There are 2 protein chains.
Amino acid sequence: MSRRITVLCGGVGAARFLRALCSVVPAGEVTAIVNTGDDTDLHGLRISPDLDTVTYTLAGAIDPERGWGLVGETWEAMGSLARYSSVIPEDSTAGGTWFGLGDRDLATHLYRTGRLAEGALLTEVTAEIAAAWRVEVELLPMSDGRHSTMVTLADGGEVSFQDYFVRLRHSVPVAGVRFDSDGSPATPRVLEALSNAEVVVIAPSNPFVSIAPIRALDGVDQLLAARRESVVAVSPIVGGEALKGPAARMAIELGHSSDVAAVATLYAEIATALVIDPVDEALAEAVSAAGMRPVVVPSVMSDPAVAARLAEATIAAVQ
Amino acid sequence: MSRRITVLCGGVGAARFLRALCSVVPAGEVTAIVNTGDDTDLHGLRISPDLDTVTYTLAGAIDPERGWGLVGETWEAMGSLARYSSVIPEDSTAGGTWFGLGDRDLATHLYRTGRLAEGALLTEVTAEIAAAWRVEVELLPMSDGRHSTMVTLADGGEVSFQDYFVRLRHSVPVAGVRFDSDGSPATPRVLEALSNAEVVVIAPSNPFVSIAPIRALDGVDQLLAARRESVVAVSPIVGGEALKGPAARMAIELGHSSDVAAVATLYAEIATALVIDPVDEALAEAVSAAGMRPVVVPSVMSDPAVAARLAEATIAAVQ
């Protein structure tokens, strides 16, 4: 049974869009396909940052200031891990505390890692975690395998996405992005949700490191291209800046311009409409020229009412 | 470079004996060989309960009432893990909260698991953890491999040691104990510490599930037998009761008597002297008859002075 709306998702931006969407349509009508290219193994635990951000946001449990992790979190485990930084060998990457794992958040990673270790699929574990948080949106990891987003730095070397995003605070120039895949496909449920939904939305997430890993899976772009007329994207770039994270500077570093026209170029083959903010209205023609129909609506989700109108306009654009 | 005294150790009883020993000899003269048959994987983390109990005790950080875990511990992660118990499939063993992992204690497991995942040996990681806690006793896991203590229950079925000890609260009858080994040997450092120390002490730990896993490693019993005259054991049974844990009822369930004479029978081939409490003085002859020289000294470590005298008398028994 497929749901009415499928949303391609990264982390924070997508989570907020989904929350807004659930204020205008029943959550039971929505499927979220979530990027797992950011997933990482830390201290032996499997961390799925985008899945957790979406889950916690939809559960109303996200920390509203950080945008990630749980509200009211405590940090005893991390504080104690710091004890070991004095003894860790120089060539080790274990034991670092640059990736913040709150005590309550750790429970999610413990549960996920334990279940995966006994052979459960990430799709199953994700559904269990969502159920525990009473999230009614269907949350699907893009794949049950491993597809690690690797970032080539402009001054040489390649690092994992979390190394780039968290440890280096996405403040170093980037020369390229690559997906280090174990070859496993998009899950059957993902392909079904892309095929059968009435509407597909590309959430306002980073096109290069949040949406591209999903698109890199065999068959995804072809499925979207085949149903392009009912696919709509929400620009993560507003006024030349990313709503959140490094999308804008990445765009420039990777040879694009950091504006909605560049976003249109990236998505034109797989989506018909691009939602852009009024601040970018002057670029509407450039969006058209790039092959997408511009839909102008306030897209900075500064309050629930604005966010709800954005979600409504997005769905309406392809219905 | 071998140290002067080597102690074969389980958890709580051994940890308290080591603490006492360090009050009468320099910690730098002591090596502890610690049982890892209790080690377990929970939620993807490698837990080494006996190593941690010894480390935390020697660091003065153990919770004095529980006897395990850290003093001043918090339990946010466990509390949050309980959320997932409502969604865990019936056939899963992941996600249970019966094994208490405090938030600060979790840092130790995170560090250990992360280091092992990058290829470090348990011996190395244990030394790092001990260094971080400024523990000067040399702490050696008995092996770098896996040797899981499995407990056969009297009413059928076999469970892991932690299942028996923690989940079932060692309150069910036992029919047997077996070591499920990956075949890896005692470490070279363990064999060296057994060969070269002036004195070897068998700590007051459970003979069946704490000391036996160490003895089950190739060469350990032979090395001890060859130097039997300088090996002394401290009875974990006092007045027919275990100082801690299920040693006494296990002794009976496994076909022994639960007294110091039974302990002497278990250790006679590898140790010359058995330290017993005055309450068991009437059994001194039975200890002799079983092949060990009885040394009568108060062995309930009820206060530091008593414990120190026990440690002194233990070493003196074979020097």
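Our subject is the structure that appears above.
About the thresholds
- Residues numbered from 1 in each chain as written.
- Chains lettered and ligands numbered in written order.
- Predicted model: local features only at pLDDT ≥ 70, side-chain atom pairs only at ≥ 80, totals over all residues.
- Heavy atoms only, no water.
- Least-squares fit on C-alpha atoms with pLDDT ≥ 70 in both.
- Contact = heavy atoms within 4.5 Å.
- Pairing = 2+ DSSP bridges.
- Helix = DSSP H or I, 4+ residues; strand = E, 2+ residues; numbered from the N terminus.
- Axes fitted to C-alpha atoms, helices over the stretch in contact; angles between N-to-C directions.
- Buried area = accessible area lost by both parts, 1.4 Å probe.
- Salt bridge = Lys/Arg side-chain N within 4 Å of Asp/Glu carboxyl O.
- Buried < 20%, exposed > 50% of the residue type's maximum accessible area, 1.4 Å probe, protein only.

### Concerning the relation of the copies chain A and chain B
With an RMSD of 0.0 Å, the fit of chain A onto chain B corresponds to turning through 180° and sliding 0.0 Å along the axis. A rotation of that kind, with that shift, is consistent with a two-fold axis. A symmetric contact is evident, with 100% of the interface residues of chain A recurring at the interface of chain B.

### Description of the sheet that holds strand β10 (residues 231-234) of chain A
Paired through their backbone hydrogen bonds, the strands of a sheet run either parallel or antiparallel. All names here are of chain A. With parallel pairing, the seven strands of this open sheet are ordered in space as β5-β2-β1-β9-β10-β13-β14. Strands with a single pairing partner mark the edges of an open sheet, and in this sheet they are β5 (138-141) and β14 (293-296). With direction set aside, neighbouring strand axes in the sheet form an average angle of 25°. Pairing of strand β1 (residues 5-9) with strand β9 (residues 199-202), which is carried by four bridges, proceeds in the parallel orientation. In the sheet register, Val-7 faces β9, and the bridge partner there is Val-201. Lying over the sheet, helix α8 (residues 207-215) contacts β1, β2 (30-34) and β9, oriented at roughly 120° with respect to β1.

### Comments concerning the interface of chain A and chain B
At the interface, 33 residues of chain A touch 33 residues of chain B. Between chain A and chain B, roughly 3,000 Å² of surface is buried when both sides are summed, and carbon and sulfur atoms account for 68% of that area. For the chain A face of the interface with chain B, the top three residues by lost area are Tyr-84, Leu-110 and Tyr-111 of chain A, together amounting to 22%. Applying the counting rule to chain A against chain B returns two salt bridges. Arg-104 of chain B is paired through a salt bridge with Glu-76 of chain A; the nearest N and O atoms lie 2.8 Å apart. If you list the elements that add at least two residues to the side of chain A that touches chain B, you get α3 (76-81), α4 (103-117) and α5 (122-132) of chain A.

### Looking at the pattern of salt bridges
For the structure shown, the criterion picks out 30 salt bridges over all chains. The partner of Asp-163 of chain A in a salt bridge is Arg-167 of chain A, with the nearest N and O atoms 3.2 Å apart. With Asp-163 of chain A and Arg-167 of chain A both in helix α6 (residues 161-167), this residue pair falls four residues apart, about one helical turn. Taking the relative accessible area as the measure of exposure, Asp-163 of chain A reaches 19% and is therefore buried. In this structure, Arg-189 of chain B and Glu-138 of chain B form a salt bridge, with 2.9 Å as the shortest nitrogen-oxygen distance. Here Arg-189 of chain B is found in helix α7 (residues 188-196), whereas its partner Glu-138 of chain B is found in strand β5 (residues 138-141), with 51 residues between them in sequence. Summarising the burial analysis for this pair, Arg-189 of chain B and Glu-138 of chain B share the class buried.

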